[in-house]
Amino acid sequence: MKKILISGLLMVGASAVHAQTICDEEWESIADKFTQGTDIKAILSMWEKKKGTCGESSFYYLKLGWLLLENAKFTEAEAAFNKGLDVDKDNDVALKLALADLPFQQSTRAFADINWDLLNKAHVRMQTFIEEYPDLPDGYASLTGVMLIKKEFKSVIENGLKAKKLGGNPYAYRNLAIAYYEVAQDKNATVAASEAIELSESLQADAELMLTVALAYSNLKEFKYSLGMLRLLVQSNPESQSTPEFQRITSHIREQYLLHQEAESY
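**Description of the overall build of the chain**
For the chain, the count of helices and strands is 15 helices and 0 strands. Relative to its length of 266 residues, the chain is compact, with a C-alpha radius of gyration of 20 Å against a globular reference of 18 Å. Its C-alpha atoms give the chain principal-axis dimensions of about 75 × 40 × 35 Å. Classification of the 266 residues of the chain by burial places 48% in the buried group. The long-range fraction of contacts in the chain, counting pairs at least 24 apart against all pairs at least 6 apart in sequence, stands at 58%. If you sum the accessible surface of the chain, you get close to 13,400 Å²; carbon and sulfur atoms cover 51% of it. Taken as two groups, the 28 positive and 37 negative side-chain charges of the chain have centres that lie 2 Å from each other.

This is how it looks when you write it as structure tokens:
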């Protein structure tokens, strides 16, 4: 999940923040290093040195908060986001969304198991964001992540469809696909996954999504596409094939395929 959330943050940074800022080019060079795999601690240090270039701007603190979050400095990240809100109003929406999402990030990253108090805190913050910005897809998309962990799949679908209606959001489609599978709507799961990957190819490396969709195709007896999902996952995320979950699911799909072939032979 982490890889996808990072990608999502970078996408929001490119589209939802105020574009006219003196440090746009500075951030582009930082973002390039991020996508090239430069150590996140080094990137944070680079950006902190850009304060002189950027000045006291909400843009600077928005990006600083995201980098602090990626370094698991959650308290400092929240302070940076709040500082950005105090400096100017140019990036209020992105900063408020980041503050709403931050407890969710912390609940899934900072502990061995899910921290339910933080997850519930994120739920409340996201509801507040949606109440303030009901016509933006981002709040609904973020809420799907919370509800997916809570296994409230009907709520994931409800909020995912709201996000879809208001505009394309790969994270919403991703969570929709998993929720559809969990309620035995395999065809809808495959459609949502295709929409997610079309918007963000980086999702091909998301093991949870790709394994789920492989299972959905297997249930539909579309084994060619099931195999295709597994191949894309391994190509994009080679380490995934060594996990117990990958082994378990591929074994299950193989058994389904053999049973299907046996039934077809009669």
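**With respect to the pattern of salt bridges**
Scanning the entire structure with this criterion turns up 11 salt bridges. Between K96 and E132 there is a salt bridge, and its shortest N-O distance comes to 2.7 Å. Placement of the pair is K96 in helix α7 (residues 92–109) and E132 in helix α8 (residues 116–132), with a sequence separation of 36 residues. The exposure class of K96 is partly exposed, given its relative accessible area of 24%. Residue class for E132 comes out partly exposed when judged on its relative accessible area of 43%. With a shortest N-O distance of 2.9 Å, E208 and R174 are connected by a salt bridge.

Definitions and cut-offs
- Residues numbered from 1 in each chain as written.
- Predicted model: local features only at pLDDT ≥ 70, side-chain atom pairs only at ≥ 80, totals over all residues.
- Heavy atoms only, no water.
- Helix = DSSP H or I, 4+ residues; strand = E, 2+ residues; numbered from the N terminus.
- Rg over C-alpha atoms; globule rule 2.2 N^0.38 Å.
- Buried < 20%, exposed > 50% of the residue type's maximum accessible area, 1.4 Å probe, protein only.
- Contact = heavy atoms within 4.5 Å.
- Areas by Shrake-Rupley, 256 points an atom, 1.4 Å probe, with all protein chains shown as cover.
- Lys, Arg positive; Asp, Glu negative; His and termini not counted.
- Charge placed at Lys NZ, Arg CZ, Asp CG, Glu CD.
- Salt bridge = Lys/Arg side-chain N within 4 Å of Asp/Glu carboxyl O.

Nothing here speaks to function; it is all geometry.
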